[in-house]
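Spelled out from the first residue to the last, the chains are:
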Amino acid sequence: SARNCPWKMNQLPPKSPLASPVSESTNSRVEALDNLSMDSFWLEVENIKQSAEAEQEECSLADVKTQEEGEAEAEWLQDAGLADLLGDPASDKDNLVLLSTLTRTQAAAVQRRLDTYSRSRRRKNKHPVRDVRDIFGVASSEEKAAEKEESSPDPLWHNLRTSNTQKTETQDYSCTVRNPGKEEVFNMDVAYSEQAAVLLKGSFLSESRKLKDGNALTRFKIPKGRLGVTRIGDLSAQDMKKIPTLALIELTALCDILGFELKRNKAAKLKTTEKRLFGVPLNTLLENDQKLLPNTKVPLLLQALLSCLEKRGLETEGILRVSGSQTRIKSLEQKLERDFYTGLFRWDEVHQNDVSGLLKRFIRELPAPLLTAEYLPAFAAVQNIPDLKQRLQALNLLILILPEPNRNTLKALLEFLSKVVARENNNKMNLWNVSTVMAPNLFMHKGLPNKIPEGKEKQLAEGAADVVRMMIHYQDLLWTVSSFLVAQVRKLNESNSKRYQFCDKRIKNLLRKIHADKDKVEKNQGEPSKIVKVHASLLLKDSLEVHLNNATRVADVLRQFQKNLCQNGWNIVNTVSLLKCNNSVECTNLLLYEVGGNIGEHCLDPDTYLLDLYHINPHAEWIIKQNPSYPRMF
C-alpha cells in the first residue's frame, strides 16, 4: 500500500511508444520480487517521515519549474558542450572538433535535438538562433529519413524513424533468464549505443531476474584490450572534464536506440542554510574541508561517519536497518555542528545505530540529491531497461556524468555498503537488505516533484532498491571509463592541438561522414619494435631505455626498472618504499604514466601493451611515479 510521506519517490519520465513492451517485461521482473521483503524499505520511509514531521518549515523548497518547449533541448546542447550551435556562427569550429569524434548513433542524437529545437523556435514565430541546416548543410532528421527510405534506407536510420510509430517485429522483450553465476563479457571498446543498434536488428537478451542472493548475480568481465582498462581516477582532471559531455551524448544516443526518453529535472534554487555540516552543498563542504586538509575529495564528516561505523558497526546486527533514537540523532547533529571541526566530538560515546542514523540523515539533508536533481529521474528509469547489461551501461554513463564531488562521495558510500554486505553472516544484512534500506535515502528528496503514478508505489520502490543493489554489487565495473570514451578524448585533444580550419564542404558533410568504431587502434606493421625512454625524474636523474616489441607490457617495464635499480646498488626500499613480494610488480608502489601528446596524463594499466600505445600516441612521455596508494578515494 502507498505510504504518505513529505518526500516522495521522484516520478519516472514518460516513455516513448517503443518502450511499451519494456513495461510488460519490467512488470514480469517485479513479480519475481514478490517473495523478497520490502519491509525494510517502508520502515525506512516511516523513519524519514517521523524525522521530518517536526521540521516541515525547513523542508519547504522552491518548486521545480516545468520547462517550456525547446528549453530541454537547448539545455541538453549546453550540457553536451554544443551550446555554440545555438548562437555565434564563428564558434562552429569548436563544435566541429567535438562532433568529429562522435559515432554515428551519437551524431544522430545530436541531430535529433537540433531538429527539435529548431521546430520549437519556428512554432513560436521566432527566427531560430541557428537553423540546423545552416550549420550542417543537411536536411532535418525527418527529411533525411524520408530521402533514405525512398532510395536504399540504412537499417539504423529506418528503425529509428519507425520506432515511435510501430513495434519492430524483430525485437524480443521476452523474459530470457541468464545463467546465474555465469561470467559474461562486458564490451567497452565499442560505444554502447552502437552495440544496442546491432541488437535492435536482432533481438534483445532480456534479464528478467532480480534476486536476493548477490552470489547468483551475473558476473561480468571487462576484456582487457591491448590498451588495458582505464578507471575513474586514472585520467587527469583536464581530461576527465571532457568525459561528462561525451557520456551525456552517448547516454542520450543509447536511450534513443532503446526507445526511452531521457528527461532531466531542472535544478531548483534552494534556500541557504546557516549550518556548517548538515544541509550544506557538497561543493561548499569540500571547500571548507580543503582549507583544513588540502586535496580532500570526500567531505570530512562523511569520512568520520564511515570510519566510525567501520570500526564499531560492521558486526552489529541490523546495522543501517535498525534506527537509532530520533531525539538522540537530532542532539548529536547539533553537537557535530558545534564541535566537529574543533575535534571535541567524542565518537566513542555514540551508539552505532545512532551513527548510521546520522549517516542517512547527512545524505537526505543535502540540498540537492547525491545523484543530482538533474539525473535522479534517469537513475530511477534504469530499472525499466529489460537487459541487465544495458542497465549497467546506462548506470556507467550516469556515474561518469555526475559532478566529481557527487561521484567521489557516492563511491565512498558504496565501498562502505560493500563492507556491510561482506559481513552478512554477523550483521544479518545481505545485499538486498542494504539496498532496500538505502534506496529511500538516495531516491527520495524534499526538493523534487512528488507525484507517483497511482498503483506504482511498490514497483518504483523495488526498482529503486534494485538500482542501489546494482551500484553496490557492480561498482568496480561502473567506475570504469570505457575505452571508446578515452579514444574520443584523445581525438578531442588531437583536434584542439591541430586547430583545423574547417572548410564549408567539410561542415556540410560532417555528420554524414561520421562512422562507428573509428576508435580502433591502427597498428603500424612497418615498425614491429621501438626503443623509447622512460623517465623517473622524482626517483632518478637518468632515464631508462626500453626496447618495445609486440609483447612488452607496462608490468614488464616496471619490473625492468626495479631490476636495473637493484643491479646498480641503489637502496630503492628506502628511496621509494618499494615492497618486494615474489618479485611481482603488483607488490610495488610504482606506476607508469602516459603524459602529453593526445592525452593530459593517464595512469596505465599494468597489462597495457606499450608498442600499441606508442602507435596511437607517439608524442607522449612515459614517466614512472609513486603510487599514492590511498585506501579510499579521499
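Residues numbered from 1 in each chain as written. Predicted model: local features only at pLDDT ≥ 70, side-chain atom pairs only at ≥ 80, totals over all residues. Heavy atoms only, no water.

The protein chain has the name RHG40 protein in an unreviewed UniProt entry, where Dasyornis broadbenti is given as its organism. Recorded under Function (unreviewed entry), the UniProt text for the protein chain is reproduced unchanged: "GTPase activator for the Rho-type GTPases by converting them to an inactive GDP-bound state." (UniProt positions renumbered as here; feature names shortened; annotations may be inferred.)

On to the pattern of salt bridges, then. On inspection of all chains with the given rule, the structure shows 24 salt bridges. For Arg112, the salt bridge goes to Asp256, with nearest N and O atoms at 2.6 Å. Of this pair, Arg112 sits in helix H6 (residues 104–123) while Asp256 sits in helix H12 (residues 243–258), and the two are 144 residues apart along the sequence. Put simply, Arg559 and Asp556 hold a salt bridge, and the shortest N to O gap is 3.3 Å. With Arg559 and Asp556 both in helix H26 (residues 554–567) and three residues apart, this pair spans about one turn of that helix. (Salt bridge = Lys/Arg side-chain N within 4 Å of Asp/Glu carboxyl O. Helix = DSSP H or I, 4+ residues; strand = E, 2+ residues; numbered from the N terminus.)

On to helix H13 (residues 282–292), then. Every buried residue belonging to H13 is among Leu282, Leu285, Leu286 and Asp289, and all of these are buried. The buried residues of H13 occupy one face: seen down the axis, they fall within an arc of 95 degrees. Buried-residue contacts for H13 involve helix H14 (300–312), helix H16 (352–365) and helix H19 (404–422). (Buried < 20%, exposed > 50% of the residue type's maximum accessible area, 1.4 Å probe, protein only. Arc of directions from axis to C-beta. Contact = heavy atoms within 4.5 Å.)

Ranked by internal contacts, the top residues of the largest apolar core, which has 131 residues, are Leu320, Phe379, Phe443 and Met471. Counting residues in each nonpolar core, the second largest holds 22 residues, with Leu544, Val554, Leu611 and Leu613 among its members. (Core = buried A, V, L, I, M, F, W, Y, C linked by side-chain atoms within 4.5 Å.)

Counting through the fold element by element, Asp612 comes out in helix H28 (residues 610–616). Side-chain polar atoms of Asp612 contact the side chain of Arg226, separated by 3.0 Å. (Polar contact = N/O pair within 3.5 Å; in protein donor to acceptor, adjacent residues only side chain to side chain.)

Once that is clear, we can look at the packing of aromatic side chains. Inspection of the entire model under this criterion finds eight aromatic pairs. With a centroid separation of 4.9 Å and 80 degrees between ring planes, the pair formed by Phe41 and Trp42 is classed as edge-to-face. The exposure classification of Phe41 matches that of Trp42, with both residues buried. Residues Phe345 and Trp347 carry aromatic rings whose centres are separated by 4.7 Å and whose planes lie at 70 degrees to one another, so their mutual orientation is edge-to-face. In this structure Trp347 comes out as buried when scored by relative accessible area, which is 19%. An aromatic cluster is defined as three or more aromatic residues linked by ring pairs; in this entry it consists of Phe186, Tyr192, Phe220, Tyr474 and Phe484. Lying across the ring of Trp76, Arg113 places its NZ or CZ 5.7 Å from the centre. Residue placement shows Lys625 over the ring face of Tyr593; its charged tip is 4.9 Å from the ring centre. (Phe/Tyr/Trp six-rings, centres within 6.5 Å; stacked < 30°, edge-to-face > 60°. Lys NZ or Arg CZ within 6 Å of the ring centre and 35° of its normal.)

Mapped onto the elements of the fold, Leu235 is located in the loop between strand S3 (230–231) and helix H11 (237–240). Judged by its relative accessible area of 7%, Leu235 is buried. With 364 residues separating them along the chain, Leu235 and Ile599 place their C-alpha atoms 8.5 Å apart.

Turning to unusual backbone geometry, a few remarks are in order. Although it is not a glycine, Thr372 sits at a positive phi angle of roughly 75 degrees. Owing to a relative accessible area of 6%, Thr372 belongs among the buried residues under this scheme. Positive phi values are uncommon outside glycine, yet Lys428 reaches one of about 60 degrees. Looking at the element boundaries, Lys428 is found in the loop between helix H20 (424–427) and helix H21 (431–443).

Now for the sheet that holds strand S7 (residues 590–596). Across the sheet, which stays open at both edges, the five strands sit in the order S6-S5-S9-S7-S8 with mixed pairing between neighbours. In this open sheet, the two edge strands, each paired with only one partner strand, are strand S6 (544–548) and strand S8 (599–603). Sheet twist, expressed as the mean angle between neighbouring strand axes with direction ignored, is 30 degrees. Direction of pairing for strand S5 (residues 530–535) relative to strand S9 (residues 621–626): parallel, over a ladder of two bridges. Its bridge partner lying in S9, Val534 is registered against Trp622. (Pairing = 2+ DSSP bridges. Axes fitted to C-alpha atoms, helices over the stretch in contact; angles between N-to-C directions.)

Before going further, it helps to examine H12. Given 3.6 residues per helical turn, the α-helix brings residues three or four places apart onto the same face. Along its 16 residues, H12 runs 22 Å from first to last C-alpha, staying within 8% of the 22 Å computed at 1.5 Å per residue. For H12, the buried fraction is high: 15 of the 16 residues fall into the buried class. One or two positions beyond H12, positive phi appears at Gly259, with a value near 85 degrees. (Expected span 1.5 Å × (residues − 1).)

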